[in-house]
Each structure stands twice: as structure tokens, then as C-alpha cells.
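These are the residues of each chain, in order.
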Amino acid sequence: MTIIYYSPTLSIALLSILLLASTLSHLLRLERRLVGIIKSAPSRAFGRKSLEVTELYVYPVKSCRGFKVDHTLLRMQGLDLDRRWMFVDAETGKFRTIRESSKMTQIQPAISADGESLELRFAAPGYGDHEANSVSIPARPSDDWLATNTTLSSVEIWKAETDGYLYGPAINEPFSRFLGQPVCLVYKGPTPRILRGNGKPEILGRTQDTYFPDVHPVTVASEASLAELNSRLEAKGVTDIDLPMTMERFRPNIIVKGSAPWTEDSWKLVRFRAPDHTEPSQPLDIDITGLRTRCLIPNVDPETAEKHRTEPWNTLMSYRRVDPKNKFKPCFGMMGAPRSEG
């Protein structure tokens, strides 16, 4: 069954696909206006309503802070620049995340004004002067730059090997000092990291790869679901955590306003197209590949890097163990794999 979401006016901040220019009509651009078709499980009733996409987030470096964008390009591997980099243990080559070092959330990426550089700033209060805590690297490094300034090597993410370009000591030393352990910044190498789980070829129906997200290229989350979770935390009398919690704790790429909590659990397909339905190109589709199971990362406050001992993990565990394949972790948000680029 199909639920059609549409925008009644262009004044609402929704997600859309717009043509970049008449001379480049084959290119599409993702912005914050949406007409989407959400294909749901058959058990859902047919309906028509507006679905507002309120924010788009990109996280260039795995487990570091992200930033909002007004528009971006959708790649087969995810949103443009999303999780192209990650940190690894300098000795073992294994990936590092907030799970091991919550201070990673105080590394703030930003794109330079000219769009050429990715600037990584250490945002911890009282940690030295700004210039000493800022590293700048090319946002889109060329093959020649990578050959001159990095070393292609094997790295490990979730017990699987892939390749990556390892940056040198001048880049890595400030991060190692800040995190209190030897780390190395890595840019995804040329070998495709093929999707696993529900994204593996025999299930998805195509062979698709991604960069350094945990599982699949895109995560979609609902404001209505977050509001429902916050209401439960408030009802429990949780006072030692800033409420309402922000969506940033869950690190999604596409945030939708929605009309009711947890309706996204049944989504199978998300389609983006122009509000007036006049564009000549095909709409952009994202296959929803599964529920996003959660670890303890949402317990970490992205502003302070402080990790709460129990919440929101305990509350989510009390009612959001809804993935039939994994009853030991709660779910929040949906994972997706783009069918096309634009």
C-alpha cells in the first residue's frame, strides 16, 4: 500500500528534488522541500498527509559532530561527504567511535567558505587556543593529493577489513593528544565496502557499497517519535539529563516531522520528487532496509560528551525492542539504501 505525502505550499520547509539548471537537467539537487511517496507494509491504512522534512545532517567523520545543510546531493553511498572519514587506532587499525571515547563528539567538522576544505575543530571548553585546535584538510582530495599526503592501508570496521587512506603525523598528532590515545584519521579507500545484513546483494537485489557508516548509507528519523520518547522520560521523572533530548543524539541524516510516532517502522520505500510533479527526471528513491537498532551512543550528550548511565537506553529497552531479528537492542529510526543519485 502507498501513502502519498505532498506539500501544499512552497513556504513549508520540506525536502524536494530540484533541477540545478536547464542546461544540467539530468542533475538533481536535494533541498528542504518534499513530495514523497512512502511505501509501507500492507497492514497500514491508505492515507494522504503532508510530511515535513525539517533538517538534513551530514557527519563527515564517523562519531564526530555533524552539521546541518540546507541542500545536498544524494549519492549511492549516502549524503554527500557523509562519513567519508573515520578514526582508527594507530596501532591496530581498528575503528574508533563514541563508544570508546565520548570526547569524539567534541570534534566539530565544518566546510570552509569556498567549499574546498574540511575544518576539524576541537570544541572542548578550555582546551587551549582555537588555532592550535583546528586541522584543515581537502574536502574532496584528489588522487594526486592522496598519493602525496596519505598511505593506502587496510583498516577494520565492525570486524571486517576495508581500505583507507591514512593521514600522516602532522594531522594525527593533535587528535591523538586531544583524545588521549594514538589515533589515525582515515579517508575511505577505493575498494567498495559492500552492504551487509538486509543490504547484502541477495536481499537488496543489487550490489551496493557505502563508506564508513555502521551499516547502511542513510538513516531517517521522526520528530514525532523523539517527542514520544521525551514524554516518557519526563513522565519517569528523569531530571539528570537535559530534556527534551535533541535528535543529534541519534545521528540521523534525514529528519521528518511526521504526524504520529513510530509510523516509520513500516516504511519500505521513500521517494523524493519536485512538489509540482513537473520535473522530467525520475524521482529519487531510498529503499528502507531495516529498523535502526541502537547501542549506548544516544546516552552521550553531544554538547558536553558526558555519558548518562542509563538513559535513554533503559526507556527505549522497555518498549522499543521491535526488530524481530534483534530483541536485545532497542530501535530508533530507519536505515536506507538509495536506488539512484541526484
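Remember, predicted model here, so these are calculated numbers, not experimental data. (Residues numbered from 1 in each chain as written. Predicted model: local features only at pLDDT ≥ 70, side-chain atom pairs only at ≥ 80, totals over all residues. Heavy atoms only, no water.)

S.K.: Honestly, the overall build of the protein in this entry has me stumped. Any pointers?
M.R.: Along the protein, the regular secondary structure elements total five helices and 25 strands. With 342 residues in all, the protein has 55% of them scored as buried. In the protein, the proportion of contacts linking residues at least 24 apart, taken out of those at least 6 apart, comes to 64%. Accessible area for the protein stands at about 15,600 Å²; split by element, carbon and sulfur atoms hold 51% of it. (Helix = DSSP H or I, 4+ residues; strand = E, 2+ residues; numbered from the N terminus. Buried < 20%, exposed > 50% of the residue type's maximum accessible area, 1.4 Å probe, protein only. Contact = heavy atoms within 4.5 Å. Areas by Shrake-Rupley, 256 points an atom, 1.4 Å probe, with all protein chains shown as cover.)

S.K.: Whenever I open this one, the packing of aromatic side chains confuses me. Can you help?
M.R.: Each aromatic ring pair is characterised by the separation of its centres together with the angle its planes make. Under the defined criterion, the tally for this structure stands at eleven aromatic pairs. A centroid spacing of 5.0 Å and a plane angle of 15° characterise the contact between Phe122 and Phe178, whose relative ring orientation is stacked. Here Phe122 is found in strand E14 (residues 117-122), whereas its partner Phe178 is found in helix H2 (residues 169-179), with 56 residues between them in sequence. We note that Phe122, like Phe178, is buried. (Phe/Tyr/Trp six-rings, centres within 6.5 Å; stacked < 30°, edge-to-face > 60°.)

S.K.: What should I look at first to understand the pairing of strand E11 (residues 85-89) in this one?
M.R.: Successive residues of a regular strand alternate their side chains across the two faces of the sheet. Burial runs high along E11: five of the five residues are buried. A two-sided burial pattern is seen for E11, the buried positions comprising Trp85, Phe87 and Asp89 on one face and Met86 and Val88 on the other. Of the strand pairs in this sheet, E11 and strand E18 (residues 183-188) are connected by five bridges, and their pairing is antiparallel. Looking at the pairing, Val88 lines up with Cys184 of E18. As paired elements, E11 and strand E12 (residues 95-96) share two bridges and run antiparallel to each other. (Pairing = 2+ DSSP bridges.)

S.K.: Explain the sheet that holds E12 to me, please; I cannot follow it from the model alone.
M.R.: Where strands meet in a sheet, backbone hydrogen bonds hold them as pairs that are either parallel or antiparallel. Taken together, the five strands give an open sheet; going across it, the order is E12-E11-E18-E17-E16, and neighbouring strands pair in antiparallel fashion. Only two strands of the sheet have a single neighbouring strand rather than two, namely E12 and strand E16 (150-157).

S.K.: Could you clarify how one ought to interpret the pattern of salt bridges in this entry?
M.R.: Side chains carrying opposite charge are able to pair once their charged atoms draw close together. Overall, the coordinates contain 19 salt bridges when judged by the stated rule. Taking the shortest distance from any N to any O, the salt bridge between Arg99 and Asp214 comes out at 2.8 Å. Pair noted here: Arg99 is in the loop between E12 and strand E13 (107-111) and Asp214 is in the loop between strand E20 (209-210) and strand E21 (218-222), with a separation of 115 residues, a long-range link. According to the relative accessible area criterion, Arg99 is partly exposed, its value standing at 28%. In this structure, the salt-bridge partner of Lys236 is Glu311, at a minimum N-O distance of 2.7 Å. (Salt bridge = Lys/Arg side-chain N within 4 Å of Asp/Glu carboxyl O.)

S.K.: Looking at this structure, I do not really get the nonpolar core. What am I missing?
M.R.: General note: in soluble globular proteins, nonpolar side chains tend to be found buried as a group. Of all hydrophobic cores here, the largest spans 47 residues; its most connected members are Trp85, Phe87, Ile107, Phe175, Leu185 and Ile254. Apart from residues lying up to four places away in sequence, Ile107 is in contact with Cys64, Arg65, Phe87, Leu120, Arg121, Phe122, Phe175, Phe178 and Leu179. Grouped together as the second largest cluster of nonpolar side chains are 16 residues, Leu233, Met247, Ile255 and Trp262 included. (Core = buried A, V, L, I, M, F, W, Y, C linked by side-chain atoms within 4.5 Å.)

S.K.: What am I meant to see in the environment of Pro174 here?
M.R.: Note that Pro174 resides in helix H2. For the pair Pro174 and Asn133, spaced 41 residues apart in sequence, the C-alpha to C-alpha distance is 7.2 Å. Apart from residues lying up to four places away in sequence, Pro174 is in contact with Phe122, Val135 and Pro169.

S.K.: What should I look at first to understand the sheet that holds E14 in this one?
M.R.: Pairing is antiparallel in the open sheet, where three strands are placed in the order E13-E14-E15. Each edge of the open sheet carries a strand with a single partner, namely E13 and strand E15 (134-138). With direction set aside, neighbouring strand axes in the sheet form an average angle of 20°. Bridge count for E13 against E14 is five bridges, and the pairing is antiparallel. The partner of Gln108 across the bridge, within E14, is Arg121. Sitting on the sheet, H2 is in contact with E13, E14 and E15, with an inclination near 140° to E15. (Axes fitted to C-alpha atoms, helices over the stretch in contact; angles between N-to-C directions.)

S.K.: Would you mind going over the pairing of strand E23 (residues 267-273) with me for this structure?
M.R.: By the criterion of burial, E23 is predominantly enclosed, with five of the seven residues buried. Pairing of E23 with strand E24 (residues 284-293), which is carried by four bridges, proceeds in the antiparallel orientation. Across the sheet, residue Phe272 finds its bridge partner in E24, namely Leu284.

S.K.: It is not clear to me how helix H4 (residues 223-235) should be interpreted in this structure. Could you clarify?
M.R.: For an α-helix, the turn length of 3.6 residues means that residues three or four places apart are oriented alike. Between its first and last C-alpha, H4 extends 18 Å over 13 residues, near the 18 Å set by a 1.5 Å rise per residue. Where H4 is buried, its residues contact E21, helix H5 (313-319) and strand E25 (331-338). Immediately downstream of H4, the backbone of Gly237 shows phi near 80°, a positive value. (Expected span 1.5 Å × (residues − 1).)

S.K.: Got a minute to help me understand the side chain of Glu55 in this structure?
M.R.: With respect to the helices, strands and loops of the structure, Glu55 is situated in strand E6 (residues 53-58). Among the polar contacts listed, one links the side chain of Glu55 to the side chain of Lys68, at a separation of 2.6 Å. (Polar contact = N/O pair within 3.5 Å; in protein donor to acceptor, adjacent residues only side chain to side chain.)

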